[in-house]
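Here are the chains, one letter per residue:
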Amino acid sequence: MDQLTTLTWQYVAGRVEPAELPMAAAHLLVAGFDSPALRDLAGRAPNDDTAEVFREALAELGKALLDERTADRCLIHHLAGLLAAGELAPATVAGEVWFLAMRGDTEAEEAFIDAIGPEYLMDVRVEGPTEQYRAWMEGVRSAAERLCRTEAPIR
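Residues numbered from 1 in each chain as written. Predicted model: local features only at pLDDT ≥ 70, side-chain atom pairs only at ≥ 80, totals over all residues. Heavy atoms only, no water.

A. Structural context of the pattern of salt bridges. Under the counting rule described, the total for this entry stands at 9 salt bridges. One salt bridge connects R69 with D105, and the closest N-O pair in it is separated by 2.4 Å. You can see R69 sitting in helix α5 (residues 68-84) and its partner D105 sitting in the loop between α6 (90-100) and α7 (107-116), a full 36 residues away along the chain. Judged by its relative accessible area of 45%, D105 is partly exposed. Residues R73 and E109 are paired through a salt bridge, measuring 2.9 Å at the closest nitrogen-oxygen approach. Placement of the pair is R73 in helix α5 and E109 in helix α7, with a sequence separation of 36 residues. A single burial state applies to R73 and to E109, both of which are buried. (Salt bridge = Lys/Arg side-chain N within 4 Å of Asp/Glu carboxyl O. Helix = DSSP H or I, 4+ residues; strand = E, 2+ residues; numbered from the N terminus. Buried < 20%, exposed > 50% of the residue type's maximum accessible area, 1.4 Å probe, protein only.)

In structure tokens form, the structure reads like this:
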């Protein structure tokens, strides 16, 4: 997935705030993307209204804003990748995915979401991780690895 596509889903999923768009546009210019609106966006101040200029830049670059569902699916794939790589803990990813309150569009997405279940709310602070919690963590990791082997919602 290229940087422009990644920025698009991150913006729609709320991972990139409008105030961050000018710097993101500058990074896109450095990466070789170019359009008049993208250059305009890169020169804007963080407190400027950037959403419309971002949409213009996307249109000039042949992209459109994703719908929320697709952006959330991209986020789930991204989080599964971070979990599978050991960069995030299962409980952290579970909280993020659970917050989305969505169902998957593919069997692998559904299996990943189902593996998380409400068990991530288990309180392990008092006595430490139980066998049940360790099994849950392994199940979530395994489902994340399976999801990573499937095709992302967009390329």
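Moving on from the coordinates now.
B. Structural view of the side chain of T50. Take T50: it is sitting in the loop between α3 (36-42) and α4 (51-60). Among the polar contacts made by the side chain of T50, one reaches the main-chain carbonyl oxygen of P18 at a distance of 2.8 Å. Other than its neighbours up to four places away in sequence, T50 contacts P18, L21, P22, L41, R44 and A45. (Polar contact = N/O pair within 3.5 Å; in protein donor to acceptor, adjacent residues only side chain to side chain. Contact = heavy atoms within 4.5 Å.)

C. Structural context of the nonpolar core. Residues I76, V97 and F112 are the most contacted members of the largest nonpolar core, which totals 25 residues. Contributing elements (two or more residues each) for this core: α5, α6, α7 and α8 (131-148). With near-sequence residues (within four places) excluded, F112 lies in contact with I76, A80, L83, V93, V97, V140, A143, A144 and L147. Counting 16 residues, the second-largest nonpolar core is a separate cluster that includes L21, L28, L41 and A51. (Core = buried A, V, L, I, M, F, W, Y, C linked by side-chain atoms within 4.5 Å.)

Function-wise, these values are silent; they only describe arrangement.
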